[in-house]
Amino acid sequence: MRKNILTIATGKSVYIDMAVNLIRSFLWWHPSTSINVQLVTDRPELLPAGIVDKIEIIQIQLNQYGIGFSTKLYLDEFAKDGQTLFIDSDCLIFGSLEFLFEKFKGNTVSVIGGYINNGEWFGDIKKICASYRIEKLPKFNGGIYYLEKGDLATKVYNDARAIEKLYDEIGFVRLRAQPNDEVIMALAMQLNNQKPITDDGRIMSDLQSCQGPYILNVIDGTAKLNNPPYPDPKHQNWYPFEKVSPIIVHFLGDYTSEYKYKLESYKLNLALSKKLNILSMIKINIKIKYTGLFRVFLKNTFRPLYRKLFGFREIKASKRN
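Position numbers for residues count from 1 along each chain, tracking the sequence in the order it is written. Thresholds applied to this predicted model are a pLDDT of at least 70 for local features of residues and 80 or more for the giving and counting of side-chain atom pairs; totals over whole chains, interfaces and linings are not thresholded and use all residues. The side-chain figures draw on all heavy atoms in the structure; neither hydrogens nor water molecules are used.

Only buried Ala, Val, Leu, Ile, Met, Phe, Trp, Tyr and Cys residues count toward a nonpolar core, and they belong to the same one when joined by side-chain atoms within 4.5 Å. In this scheme, a residue with accessible area under 20% of its type's maximum is buried, one over 50% is exposed, and one in between is partly exposed, where area comes from a 1.4 Å probe on protein chains only. Residues L75, F78, V109, L137, Y145, F172 and M185 are the most contacted members of the largest nonpolar core, which totals 39 residues. For the purposes of this entry, the term helix denotes a DSSP run of H or I that reaches at least four residues, the term strand denotes a run of E that reaches at least two, and both are numbered from the N terminus. Residue assignment for this core shows that the elements contributing at least two residues are β1 (3-9), α3 (75-78), α5 (125-132), β8 (137-140), β9 (144-148), α6 (151-165), α7 (167-170) and α8 (181-191). Not counting chain neighbours up to four residues away, the residues in contact with V109 comprise Y146, L147, A153, V156, Y157, M185, M189, Q194 and K195. With 31 residues, the next largest nonpolar core counts V20, L27, L85 and F101 among its residues. Pairs of residues are marked as contacts when any of their non-hydrogen atoms sit within 4.5 Å.

For any pair of aromatic rings, geometry is given as the distance between the ring centres together with the angle between the planes. For this analysis, a ring pair means two rings from Phe, Tyr or Trp (six-membered ring only for Trp) whose centres lie within 6.5 Å, classed as stacked if their planes differ by under 30 degrees, edge-to-face if by over 60, and tilted for the remaining angles. Counted under the stated rule, the structure contains 10 aromatic pairs. Summarising the aromatic geometry, the rings of F86 and Y145 are spaced 6.2 Å apart at their centres and angled 40° between planes, so their arrangement reads as tilted. Highlighted residues: F86 in strand β4 (residues 83-87) and Y145 in strand β9, separated in sequence by 59 residues. Connected via pairs of aromatic rings, a cluster forms that spans F86, W121, F140 and Y145.

A side chain with one charge may pair with a side chain of the opposite charge, provided their charged atoms come close. Each reported salt bridge corresponds to a side-chain nitrogen of Lys or Arg within 4 Å of a carboxyl oxygen of Asp or Glu. Here the structure, examined in full by the defined rule, presents 13 salt bridges. With a shortest N-O distance of 3.6 Å, R2 and E56 are connected by a salt bridge. Taken as a pair, R2 in the segment before β1 and E56 in strand β3 (residues 56-59) lie far apart in primary sequence, 54 residues in all. The exposure class assigned to R2 is partly exposed, which follows from its relative accessible area of 42%. Here D181 makes a salt bridge to K72, at a shortest N to O gap of 3.4 Å. Taken as a pair, D181 in helix α8 and K72 in the loop between β3 and α3 lie far apart in primary sequence, 109 residues in all. Using a relative accessible area of 2% as the deciding quantity, one classes D181 as buried. According to the relative accessible area criterion, K72 is buried, its value standing at 8%.

Attention shifts here to the state of the cysteines. Any two cysteine sulfur atoms within 2.5 Å of one another count as a disulfide. The tally for this structure, following the rule as stated, stands at zero disulfides. Unpaired in terms of disulfides, C210 finds its nearest cysteine sulfur in C91, a separation of 14 Å.

So, on to the pairing of β1. Summarising burial for β1: seven of the seven residues are buried, a large majority. Across the two faces of β1 the burial is the same, with K3, I5, T7 and A9 and N4, L6 and I8 all buried. With four bridges connecting them, β1 and β4 associate as parallel partners. Paired with I5 across the two strands is L85, which belongs to β4. Note that β1 and strand β2 (residues 36-41) share six bridges and pair parallel. Any two strands are treated as partners once DSSP identifies two or more bridges connecting them.

A few words now on a nonpolar patch on the surface. Where nonpolar side chains cluster on the molecular surface, the patch consists of I278, I282, I286, Y290 and L293 and spans about 520 Å² of accessible area. Within the fold, I282 resides in helix α10 (residues 278-310). According to the relative accessible area criterion, I282 is partly exposed, its value standing at 44%. What goes into a patch is any residue over 30% in relative accessible area without a salt bridge, connected to like charges within 9 Å or, for nonpolar side chains (Val, Leu, Ile, Met, Phe, Trp, Tyr), within 5 Å. Here the open area of atoms and residues is found with the Shrake-Rupley method and a 1.4 Å probe, where only the protein chains shown may cover a residue.

Pasting the structure below:
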């Protein structure tokens, strides 16, 4: 079947920038491939020339398919025939994705994750399951969605769009004042008997799940993330792994503002234009890495004193909002 990579970048230019970085990481690891890359955007004029001729652009109008996370509820309308792997624009790819298409093959709509039947996940899961007479819901990170275009996929996404209209009534909690696509798709998938596939630590992870020291090098494919073991305060007890080497790293929240993401993105741009060498690495290390490390040092050193003297500062709004 035809294989497609799909991502979305609408609204602020920061999303276009992230999508370009994602696409560059794909191109670096797939220099000769039949996989088609598709970008859904309302701002194609912001794309650099070296990207435009290597992808398929699906142009839409701003808010034509909803705002915020809602656009992800229309993947069935954007997807072409065959296998489509949606990847969030704030991800980078650290190796070939061919194995992932094989892993998903035969699943009409799927994600990377497991199941949950109680507790809180943007709502009271036990109560929501009871109201729909289902035993459990898939739980996952919405950085990846998979679908094989057809009537069943359309049914799942039609149900998802209907669920979104009842979001508050169902009892789901909003994320940054918007309906969260993850719980919507989880319910739509379960109502249509669509299953997640289990990660073994090689598919996708993020820097919120793994808050320990990490090593990234998108050029040679190094991605080593750590969830420090208990009783480390950074340990995430809900995350099933302590050490992972994912092929896709999801830079959630403001992690795209950190120097490590910027450094890897800059390296990709230079590498694809054949300008990455010892001299250029020295320059970008000085410009990005060491400047970033110095800022982290200053922040960690003087933040306690600042808070003692002046209290907590108001949290700055994210560039994404």
